[in-house]
Amino acid sequence: MKGEQHAEQGLGPDPAAPPQPKEEEEALIEFHRSYRDLFQFFCNNTTIHGAIRLVCSQHNRMKTAFWAVLWLCAFGMMYWQFGQLFGEYFSYPVSLNINLNSDKLVFPAVTICTLNPYRYTQIKEELEELDRITEQTLYDLYKYNSSSTLGTHPRGRRDLREPWPHPLQRLWAPAPPPGARGVRSAASSVRDNNPQVNRKDWKVGFQLCNRNKSDCFYQTYSSGVDAVREWYRFHYINILSRLRDTSPSSEDMLDNFIFACRFNQASCNQANYSHFHHPIYGNCYTFNGKNNSNLWMSSMPGIKNGLSLTLRTEQNDFIPLLSTVTGARVMVHGQDEPAFMDDGGFNLRPGVETSISMRKEALDRLGGDYGDCTKNGSEVPVENLYLTKYTQQVCIHSCFQDSMIKECGCAYIFYPLPKNAEFCDYRKHNSWGYCYYKLQDAFSSDRLGCFTKCRKPCSVTSYQLSAGYSRWPSVTSQDWIFQMLSRQNNYTINNKRNGVAKLNIFFKELNYKTNSESPSVTMATLLSNLGSQWSLWFGSSVLSVVEMAELIFDLLVITFLMLLRRFRSRYWSPGRGGRGAQEVASTPASSLPSHFCPHSTSPPGPATSLALMAPPPAYATLGPCPSPSNLVEASSSAYTLGEP
């Protein structure tokens, strides 16, 4: 017992008792040690429906798989619906709202033109040469003597001062296929003043060439009337470009064109209208335009509360080959918009009372991402030549004029003249006609890009017109009406019924319609739809979304920490890893360097074998080797303990 006690004392002091586990203090930021712990914690504590079933049924793999698939399918369907909702939102759909309003209305601007640019006696000298060429051309093509119409004396082409450019010619058309031409009846062989030709065999036109005559084409027409009018108009434009300073006809005095004017049962005055001259439609007068100091207001609908005009429509001194329509040209438009008589006007018939009822409509479009419209045209890459409110027609005409100046070197006389430019005249620009008709074809097919550049305005006000006609004056009242008009205006009406016309323009009703666009899907609507889908598939709230965000954040952090730990163990301290310990433990003692243990070697005993089988300490903690006596004492003590 003593020996055993002595032996036990030789072993040294008793080893200390293992420390009791202490409660770990909670850190400020903690992360789960594995993905399994993270998902188990999430499923046990989340408010998302169905997630708890993944943990509760973990002992039943079939149920776990079923709920996992069901949960993932619901998750996928929800986010597919999210994609649909976001796609709808970013397509920027709009809804059209129609409102019916009733209030006093501002009466629109009304422009009326005489349909005759100049009195023929005033400009006859400048048109004399053109009229003689036209007279000779009509005789050559149709055997028609127009000397009574034009008041000129026929003379041959040799008597002309100089050869006229771009003569009007007859062009033979390709022969029709056999059987397409019908047999002419016997009645058609009766002699008359018309030439005996088949009109389907030829067309009428004039040739246009570029500057060096390398490319030419014929501007042709199937109708001789259209061909003569267009050809005459083409040469008239060239003459007019040299007569810009010629004063217009005497109809610029309002009383010579408008016999009577009343608005809302009150007489008009010169302060209610403005005047401008159109190259084709002549003298034009705009009532209630932007220059009017006091705009007309309509507080009652009906014909008596609108604009009533009595117009002179005689054409005794009209240009015969240019002004082929009798009556007047009328257009209704906004105060700050120019009057495009070609685009939106209509003609009045002489001897008829024309009543135009109006109804106002307003359209407000959404700009930006919801539609391709502009508020004031500032972002449109086209200069506004009209110096008025931006409209699409203003932009389109300005774009064409800009292209005309760039391509042809001159400006078209029907549009405003920009700075440092001049109107086209073939005496200065001999190929402008060729360039113009080519450019017109490119413009119609939008190869110029004007319709693409010119965006629609976001706010548009239009007037829906309805017309009614009646004979005026009546047979029983025409004598005294014409007599009164002649005495009042000091003018003798030769052709009574064709010399006057009456126009009434009024609001049909004061109710006006407003069409406005609004976003179909707003941000509030999008969030509401997203919340509905989230509640439908998971029955949770916004806080559940935060839980999902927290889960994703924890996944990213755990992944980052695991990668960082693996990177440090591989590259920063390879000697401290498990791989280095295994290599040192498997190294035999004989292969170690001699300076570690410079003592004589002896057969290893049990203690030595146990020492070699234990994992070595770190190299930095190795001390000096023990002396041989210490090794012998340790060996004898080990054998003593090992005895029975």
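It should be emphasised that the depicted structure is a prediction, and the values quoted were computed from it without experimental measurement. (Residues numbered from 1 in each chain as written. Predicted model: local features only at pLDDT ≥ 70, side-chain atom pairs only at ≥ 80, totals over all residues. Heavy atoms only, no water.)

S.K.: I would appreciate a short explanation of helix α10 (residues 392–408) in the present structure.
M.R.: The first and last C-alpha atoms of α10 sit 24 Å apart over 17 residues, in line with the 24 Å expected at 1.5 Å per residue. Taken residue by residue, α10 has V394, C395, I396, H397, S398, C399, F400, Q401, S403, M404 and C408 as its buried positions. Buried residues belonging to α10 abut α9 (341–344), α11 (432–444) and α12 (450–453). Trailing α10 by a residue or two, G409 shows a phi angle of about 85 degrees, which is positive. (Helix = DSSP H or I, 4+ residues; strand = E, 2+ residues; numbered from the N terminus. Expected span 1.5 Å × (residues − 1). Buried < 20%, exposed > 50% of the residue type's maximum accessible area, 1.4 Å probe, protein only. Contact = heavy atoms within 4.5 Å.)

S.K.: Hey, could you run me through the state of the cysteines in this one?
M.R.: Joining two cysteines, a disulfide is a covalent bond between their sulfur atoms. Per the stated rule, a full pass over the model turns up eight disulfides. Covalent S-S linkage joins C399 and C450, the inter-sulfur distance amounting to 2.1 Å. Around the S-S axis, the bridge from C399 to C450 shows a dihedral of about -80 degrees and counts as left-handed. Of this pair, C399 sits in helix α10 while C450 is found in helix α12, placing the two residues 51 residues apart along the sequence. You'll find C399 and C450 in the same group, each marked buried. Here C410 connects covalently by a disulfide to C424, the sulfurs 1.9 Å from one another. Judged by the sign of its S-S torsion, about 95 degrees, the bond between C410 and C424 is right-handed. A residue pair is termed long-range when its members are at least 10 positions apart, and C410 in the loop between α10 and α11 and C424 in the loop between α10 and α11 qualify at 14 residues. The burial state of C410 is the same as that of C424; both residues are buried. (Disulfide = S-S within 2.5 Å.)

S.K.: So what exactly am I meant to see when it comes to the UniProt feature "transmembrane region" (unreviewed entry) in the protein here?
M.R.: The sites that carry the UniProt feature "transmembrane region" (unreviewed entry) are, in the present numbering, residues 64–82. Between the end C-alpha atoms of residues 64–82 the distance is 27 Å, and the span holds 100% helix and 0% strand. (UniProt positions renumbered as here; feature names shortened; annotations may be inferred.)

S.K.: Could you clarify how one ought to interpret the pattern of salt bridges in this entry?
M.R.: Following the criterion strictly, the structure yields nine salt bridges and no others. As a salt-bridge pair, E379 and R455 come within 3.7 Å of each other at their nearest N and O atoms. In this pair, E379 sits in the loop between β16 (373–374) and α10 while R455 sits in the loop between α12 and β17 (456–457), placing the two residues 76 residues apart along the sequence. What makes E379 partly exposed here is its relative accessible area of 41%. Residues joined in a network through salt bridges with shared partners are D372, E379 and R455. (Salt bridge = Lys/Arg side-chain N within 4 Å of Asp/Glu carboxyl O.)

S.K.: I keep staring at the packing of aromatic side chains and nothing clicks. Help me out?
M.R.: The geometry of an aromatic ring pair is captured by the separation of the ring centres together with the interplanar angle, meaning the angle of the planes. Summed over the entire model, instances satisfying the criterion amount to 34 aromatic pairs. Residues F66 and W67 carry aromatic rings whose centres are separated by 5.9 Å and whose planes lie at 80 degrees to one another, so their mutual orientation is edge-to-face. Look at F400 and Y412: their rings are 6.5 Å apart centre to centre, the planes differ by 80 degrees, and that puts the pair in the edge-to-face class. Of this pair, F400 sits in helix α10 while Y412 sits in the loop between α10 and α11; the two residues are twelve residues apart in sequence, bridging distant segments of the chain. In this pair, the class of F400 matches that of Y412, namely buried. Members of the aromatic cluster, connected to one another through ring pairs, are F206, F234, F400, Y412, F414, Y415, Y426, W432, Y436, Y437, F443 and F451. The aromatic ring of Y139 is capped on one face by K143, whose charged end is 5.6 Å from the ring centroid. In this structure, K438 is placed above the aromatic ring of F217, and the distance from its NZ or CZ to the ring centre is 4.9 Å. (Phe/Tyr/Trp six-rings, centres within 6.5 Å; stacked < 30°, edge-to-face > 60°. Lys NZ or Arg CZ within 6 Å of the ring centre and 35° of its normal.)

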